[in-house]
Structures are given as C-alpha cells and as structure tokens.
Amino acid sequence: MSQGVKEEAHLAWLALVLTPRMGPTRCGRTVQRLGAVERVFSASLTELESTGMPAEAAQFCFDGRARAAALDEAQRVAEVGASFVTPADDLYPQRLLEIYDPPPVLWVRGNAEVLNRAGIAVVGTRHPTPYGSGMAEMLSRNLARRGVVILSGMARGVDTCAHKGALDAGGITIAVWGTGIDVIYPKENKKLAEQIVQQGGALISEFPMGTFPAPQNFPIRNRTLSGMSVGVLVVEAAEYSGTRITARCALEQSRDVYAVPGNATNKNAWGPNTLIKQGAKLTATWEDVWEDLPSQVRAELEGRLEAQTGAGDRGNESSNGGSASLFTGAAALFTEAAAMPPMSEQERLVMQHLRQDEALQLDELIERLEPKMVSGEVFTALFELELAGRVKQMPGKNYVRSF
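Residues numbered from 1 in each chain as written. Predicted model: local features only at pLDDT ≥ 70, side-chain atom pairs only at ≥ 80, totals over all residues. Heavy atoms only, no water.

As for the overall build of the protein chain
We count it as follows: Note on conventions: DSSP H or I runs of at least 4 residues are helices, E runs of at least 2 residues are strands, and numbering of each starts at the N terminus. Exposure is judged per residue with a 1.4 Å probe applied to protein chains only, and the accessible area is read against the type maximum: over 50% gives exposed, under 20% gives buried, and values in between give partly exposed. Contact criterion: two residues are considered in contact whenever any of their non-hydrogen atoms come within 4.5 Å of each other. Working definition of accessibility: Shrake-Rupley area with a 1.4 Å probe, residue cover restricted to the visible protein chains. In this count, Lys and Arg are taken as positive residues and Asp and Glu as negative ones, while His and the chain termini are left out. Each charge is placed at NZ for Lys, CZ for Arg, CG for Asp and CD for Glu.
Each helix and strand counted, the protein chain has 19 helices and 12 strands in total. C-alpha extents for the protein chain along the principal axes are approximately 85 × 50 × 45 Å. Burial analysis of the protein chain (403 residues in total) assigns 48% to the buried set. Nonlocal contacts in the protein chain, meaning residues at least 24 apart in sequence, comprise 69% of its contacts between residues at least 6 apart. Carbon and sulfur atoms make up 51% of the accessible area of the protein chain, which totals about 18700 Å². Each charge class in the protein chain can be summarised by its mean position, and for the 40 positive and 47 negative side chains these summaries are 3 Å apart.

Here's the deal with the domain arrangement of the protein chain
Our working rule: What counts as a domain boundary in this text is fixed by an automatic or database domain assignment. Summed over both partners, buried area is the accessible surface (1.4 Å probe) that two parts give up on being assembled. A pair is scored as a salt bridge if a Lys or Arg side-chain nitrogen falls within 4 Å of a carboxyl oxygen belonging to Asp or Glu. Under the rule applied, a polar contact is a pair of N or O atoms within 3.5 Å (in protein, one hydrogen donor and one hydrogen acceptor; residues adjacent in sequence only if both atoms are side-chain atoms).
The domains assigned to the protein chain are domain 1 (3-79), domain 2 (107-298) and domain 3 (345-401). Computed over C-alpha atoms, the centres of domain 1 and domain 2 are 32 Å apart. Contact residues are listed per partner, giving 7 residues for domain 1 and 6 residues for domain 2. Across the domain 1/domain 2 interface, buried area totals approximately 490 Å², and carbon plus sulfur atoms make up 66% of it. A per-residue breakdown of the area domain 1 buries against domain 2 is headed by E73, R76 and V77, which together make up 60% of the total. At the junction of domain 1 and domain 2, the tally comes to 0 salt bridges. Here domain 1 is connected to domain 2 by 2 residue pairs in polar contact (both at pLDDT 80 or more).

Notes on the pattern of salt bridges
Under the counting rule described, the total for this entry stands at 17 salt bridges. As a salt-bridge pair, R223 and D101 come within 3.2 Å of each other at their nearest N and O atoms. Taken as a pair, R223 in helix α9 (residues 217-228) and D101 in the loop between β1 (83-85) and β2 (106-110) lie far apart in primary sequence, 122 residues in all. Given a relative accessible area of 7%, R223 falls into the buried group. Residues joined by salt bridges that share partners form a network here, namely D101, E206 and R223.

Overview of the environment of L275
With respect to the helices, strands and loops of the structure, L275 is situated in helix α11 (residues 270-277). With 14 residues separating them along the chain, L275 and P261 place their C-alpha atoms 9.3 Å apart. Not counting residues up to four positions away in its chain, the partners in contact with L275 are V234, A247, V257, A259 and A280.

A word on the nonpolar core
How we decide: The set of buried Ala, Val, Leu, Ile, Met, Phe, Trp, Tyr and Cys residues whose side-chain atoms join them within 4.5 Å is what this entry labels a nonpolar core.
Grouped together as the largest cluster of nonpolar side chains are 31 residues, with contacts concentrated most on W13, L16, V37, L48, M53, V105 and W107. Every element with two or more residues in this core is listed here: α1 (3-17), α2 (24-34), α4 (55-62) and α5 (65-79). Broken down by element, the residue count for this core peaks at 8 residues, all from α1. Residue contributions to this core reach at least three from each of two domains, namely domain 1 (3-79) and domain 2 (107-298). The residues contacting L48, other than those within four sequence positions of it, are L34, V40, A43, M53, A58, C61 and F62. By size, the runner-up hydrophobic cluster in this structure holds 29 residues, among which are A112, V114, M228 and A280.

Some words on the sheet that holds strand β10 (residues 360-361)
Note the following rule: Here, a strand pair is defined by DSSP locating no fewer than two bridges between the strands. Helix axes use the C-alpha atoms of the stretch in contact, all axes being lines fitted to C-alpha atoms, and the angles between their N-to-C directions lie in the range 0 to 180 degrees.
Judged by pairing direction, the sheet is antiparallel, and its 3 strands sit side by side in the order β10-β12-β11 without closing on themselves. Lying at the two open borders of the sheet, with one neighbouring strand each, are β10 and β11 (391-394). Here 2 bridges tie β10 to strand β12 (residues 398-401), and the two strands are oriented antiparallel to one another. Counterpart to L360 in the pairing with β12 is Y399. Lying over the sheet, helix α19 (residues 375-387) contacts β11 and β12, oriented at roughly 110° with respect to β11.

Examining α9
Rule in force here: By this rule, a helix spans an expected 1.5 Å times one less than how many residues it contains.
Helix length check: α9, at 12 residues, gives a terminal C-alpha distance of 17 Å against a target of 16 Å (1.5 Å per residue), a fit within 8%. Of the positions making up α9, those classed as buried are N217, F218, R221, N222, R223, T224, L225, S226, G227 and M228.

What to know about the UniProt feature "domain: Smf/DprA SLOG" (unreviewed entry) in the protein chain
To keep things clear, this is the line we draw: UniProt positions are given in the numbering used here, feature names are shortened, and annotations may be inferred rather than shown by experiment.
UniProt records the feature "domain: Smf/DprA SLOG" (unreviewed entry) for residues 84-293 in the present numbering. A helix fraction of 34% and a strand fraction of 17% characterise residues 84-293, whose end C-alpha atoms lie 29 Å from each other.

So this is what it looks like as structure tokens:
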C-alpha cells in the first residue's frame, strides 16, 4: 500500500467513526463489503446503502460531510499534540483485531509505540479497602518492574492505584478512557495523566475529541481495555459493578482472568472470590501472573529487560544477584528489606499495631501505645516510618502498613 493510499485509508476510518449511527460493528461490516476502507469516499450512494449502512449514514458519507468531519477532527487532534491510529496503521494494537468488535479508531496522547506491548489490565472498585489499594499498587509495581505494561481506566480507586504502582516502578502504563482524550475524568487525576505521558505511557480513547463522561461509554471502554491486554487482574469488585463487565469481556475474548482473594465479609470481595470459584487464577503475588503468561510473552518481556540492562550491566548483576531478583520474588523482597534503614524501638512499637488490610485511626493508635509512648513520640515514629515507605497515611489520619 502506497503512502498516499495509506493516508487516505487512515482518514476514511476516522470519517466512518464520525458518521451518525455507525458503531464498530457497522464500520467493520461496511469496510468488508466495500473491499477497502478508502472506497467510502468514492462509492456511489447505492453502493454505500447496499453495505447495510443506514440511509442517513450513507448520505452523510456520499455528500462529503464525513470527509469534512474527519479533516476537522484530524486538525483538532494535531492541535493538542495527540494522534489517532486505525487498523490501517502498524501502531494499532494487534490484540484488538482479535476481538469481535474492535474500535475502528483510537485517539492517542503520548507514546503510541507502547500500544502493542504485552500488558495486564488491572481493574476494580472505585471504593477499595486499604488492602485492595495496597494490593493493586504492589502487584502493578512488581509487574511493571519486569516490563509488563499496566493497563487500567484511570478511574478513582483501584485504577488509580494500578497506574501509580506502575509509575513508581519506572514502568509503562496505559490509561483507557471513556471520554475524549481532551476531557480528563476524574478531574483530580490530571496530574496522574500528565505523569503517564511524561514517563513514556499513553492515554487512549475510542471516543472523539470533546466526548464527556456518559454512563454508557464505560462498558464500551471496558471491552477495549480487556481486548488490548494479555489478561485481566481483578482486585476488588462488588456484585454489581463495571469490573464484572470487564471480566466478562475478558472471558469472551479468551483472555486470562486473575483475581486477588478478599475477606468474605467485605462486599468488595464478592467479585474476585466469585471469579476464583469460576476458574480465575488466584493471585497473591506477581509470580502468580508471570507463571501463567504465554511463553512467547514471557520471552518478549525478558528479552526487552535484557536489552535495556545491556551487556556490561548484565555482568555486574549476575555477580550480585540484581538480575535474578527481578524474577525471584523472595530475593526481591529480602533485597528491599535489607535496603531499608533499621527501625528504632518506638518505630517497632508503632508497627506492631498497624496492619496492611485495615486502617487504624491516629487517636486509637495513641491510646493503644499510651502506657509505653507519649503522643509526640508516636508522631515522630509515624513520620519516620512514612519517610521510609513502611507506613502510609490514609484520609482522616488513618494509617496502614505499606505493601
């Protein structure tokens, strides 16, 4: 395909998506029946209608309005420094082409070259427990350290924790939005969106510029999120939630499903615990996901890590165990623990009362330690523990152990 024809095909896909009443399935069927997507611009009205396009849509394409809309949208995309990819482009995620109704266009902000990298979608409730937040962040961080791209929807809760975990590891993360790429939702994640792009990741959407959050957009987004991934990891989800839709999409798309088990008395544990009963892989550490990845995916990830490390660095790492620790959970954990500064007696006393799965309010912590420590000593110990990354402060002066 010549460059000119490729550019015309690129624009034609965009024109189809912007045509009224043309969803992914109709777009795909139209292109199949026309033989080539660029024929949308040259076909007669009768030919367009014979593909099964609604009369309104066929007229929109035939009289040139679709092309004009595409040119206008392409200009708006360029003005904000973004881009868009279609099935006519090499950068279009090849895994999406395996699903029943792949989005004809993906709007992209950031690095489009990462869209074809092997990734795990991490999803869950918008209102996680401290345990759910910690597990989402820890698993995402550990997988990202090993080259796995972390995909999520950048919603509040588990999604945000997943993106942050990947960024903390210096890894790549992709946020799949249910809005236009110029409409940040939720607004408080504006800084997170900027960090994702700055660190080499991407923000993507199958909705045109200016699309505001609407409830029906997010189930549509979820099938793209699962379709792009090698597998979907569910952390916490209630019985009726969008996470269930993503998990169901993953199963329909023949993607692996992983689930972090939860406390049976917590309503957010219903989703992952039910998925485990139905055959999802019980996941407690990154190894549970890694060992289940297809061999070609693991080979790709290991090869990429070796290439990044370089021959000289590999020699040094093999002598000190650094490279091995990337793929050995116990070694990595002990290395991190050894690297931390030793705790004072006051810090040890505070840590004895804190848990990973349940937050403790500051006043209650002071009460428990009252015979042994005064409040000033508790404040100092908490401050030092936070600096060391051993403790995390939650809203309302609640504290939990870090994962």
